[in-house]
Amino acid sequence: MTGERRPTRHIVVMGVSGAGKTTVARGVGELTGLRFAEADEFHPEANVARMRAGIPLDDADRWPWLRDLASWMAARHAEGVSTVLACSALKRSYRDVLRQGPPDVEFVHLDGSAELIRDRMTRRTDHYMSADLLDSQRAILEHLDPDESGIVLEVALPPDELVAAAVARLGLVPAASHRGHARVGSSRHLVRRDAEKQGP
Ligand SMILES: Nc1ncnc2c1ncn2[C@@H]1O[C@H](COP(=O)(O)OP(=O)(O)O)[C@@H](O)[C@H]1O
Ligand SMILES: O=C(O)[C@H](O)[C@@H](O)[C@H](O)[C@H](O)COP(=O)(O)O
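Reading the values: rules and limits
Residues numbered from 1 in each chain as written. Chains lettered and ligands numbered in written order. Predicted model: local features only at pLDDT ≥ 70, side-chain atom pairs only at ≥ 80, totals over all residues. Heavy atoms only, no water. Phe/Tyr/Trp six-rings, centres within 6.5 Å; stacked < 30°, edge-to-face > 60°. Helix = DSSP H or I, 4+ residues; strand = E, 2+ residues; numbered from the N terminus. Buried < 20%, exposed > 50% of the residue type's maximum accessible area, 1.4 Å probe, protein only. Near = heavy atom within 4 Å. Polar contact = N/O pair within 3.5 Å; in protein donor to acceptor, adjacent residues only side chain to side chain. Areas by Shrake-Rupley, 256 points an atom, 1.4 Å probe, with all protein chains shown as cover. Nonpolar A, V, L, I, M, F, W, Y, C, P; charged D, E, K, R; others polar.

Caption draft 1: Inspection of the packing of aromatic side chains at higher detail. Counting across every chain of the model gives two aromatic pairs. With centroids separated by 6.2 Å and ring planes inclined at 75°, the aromatic side chains of phenylalanine 42 and tryptophan 72 adopt a geometry described as edge-to-face. Placement of the pair is phenylalanine 42 in the loop between β2 (35-38) and α2 (45-52) and tryptophan 72 in helix α3 (residues 59-78), with a sequence separation of 30 residues. On the basis of relative accessible area, phenylalanine 42 is assigned to the partly exposed category, the value being 25%. Plain terms: the ring middles of tryptophan 63 and tyrosine 94 are 5.5 Å apart, the flat faces sit at 85° to each other, and that makes the pair edge-to-face.

This is how it looks when you write it as structure tokens:
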């Protein structure tokens, strides 16, 4: 036993509520075989109750949740499993907590017009998050800093283009069953550098 772990990749699709994180992260998981998780499902009931009541979460509400998410990614890393997580990750300090999990975390920020996102949230009827909380989320949003590994994609693109662009720009490999079918986005979708390595 050398103790060497298989290299893994850990992608976090970030952005405000309604930006399309779940849609894109799930799509990346389906295309690549990366293990998908939805950060909303890690919220304790108290956090969900706050959001349901239209009350924005604060930092104290978010720290334990973020630590749980970091632990989940670290546990998957220990198993040699790569992951893709849908998680708001709105502030740099929140992303710093996520980075305390596995050795590397790469972000895909879905960014774009507040009007478009609000419209999507208003149409979404099966979710506890009201469109009223969008303003509070935009108010605290901190964009990726130059030293953070990640890319920014424009939310107005159709879901399949966003998934293909994320996979291409991060250098992820489509699962065998999808090879030859992935549509690769053009370079205009890339705002920040690609990640350099590849894992299972
Ligand atoms: N690129 C897209 N184009 C059009 N509609 C989208 C796109 N991405 C997501 N949607 C729709 O917008 C709503 C919010 O998407 P969702 O993935 O739940 O966002 P989030 O996880 O960021 O809250 C859903 O109804 C979803 O079907
Ligand atoms: O940090 C937060 O305030 C929450 O995590 C929030 O960002 C998240 O957006 C909600 O859980 C709604 O879920 P969706 O983002 O999937 O709409």
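Caption draft 2: Local environment of the site of ligand 1. In the vicinity of ligand 1 lie 15 residues, with Gly18, Lys21, Thr22, Thr23 and Leu157 positioned nearest. In this structure, alanine 19 approaches ligand 1 through a main-chain N or O atom, which is 3.2 Å from an oxygen atom. Between ligand 1 and lysine 21 there is a distance of 2.8 Å, counted from an oxygen atom to a side-chain nitrogen or oxygen. When the free accessible area of ligand 1 is taken as 560 Å², the share hidden by the protein chains comes to 74%. Secondary-structure elements contributing two or more residues to the shell around ligand 1 are α1 (21-32) and α7 (159-169). The element contributing the most residues to the shell around ligand 1 is α1, with three residues.

Caption draft 3: Layout of the site of ligand 2. Residues in close proximity to ligand 2 total 15 residues, the closest being Ser17, Lys21, Asp40, Arg62 and Gln137. The separation between an oxygen atom of ligand 2 and a polar side-chain atom of serine 88 is 2.9 Å. Taking glutamine 137, its side chain carries an N or O atom lying 2.7 Å from an oxygen atom of ligand 2. In the complex, the protein chains occlude 98% of the 390 Å² of accessible area that ligand 2 would expose alone. Tallied by class, the residues present in the shell around ligand 2 amount to five nonpolar, six polar and four charged.

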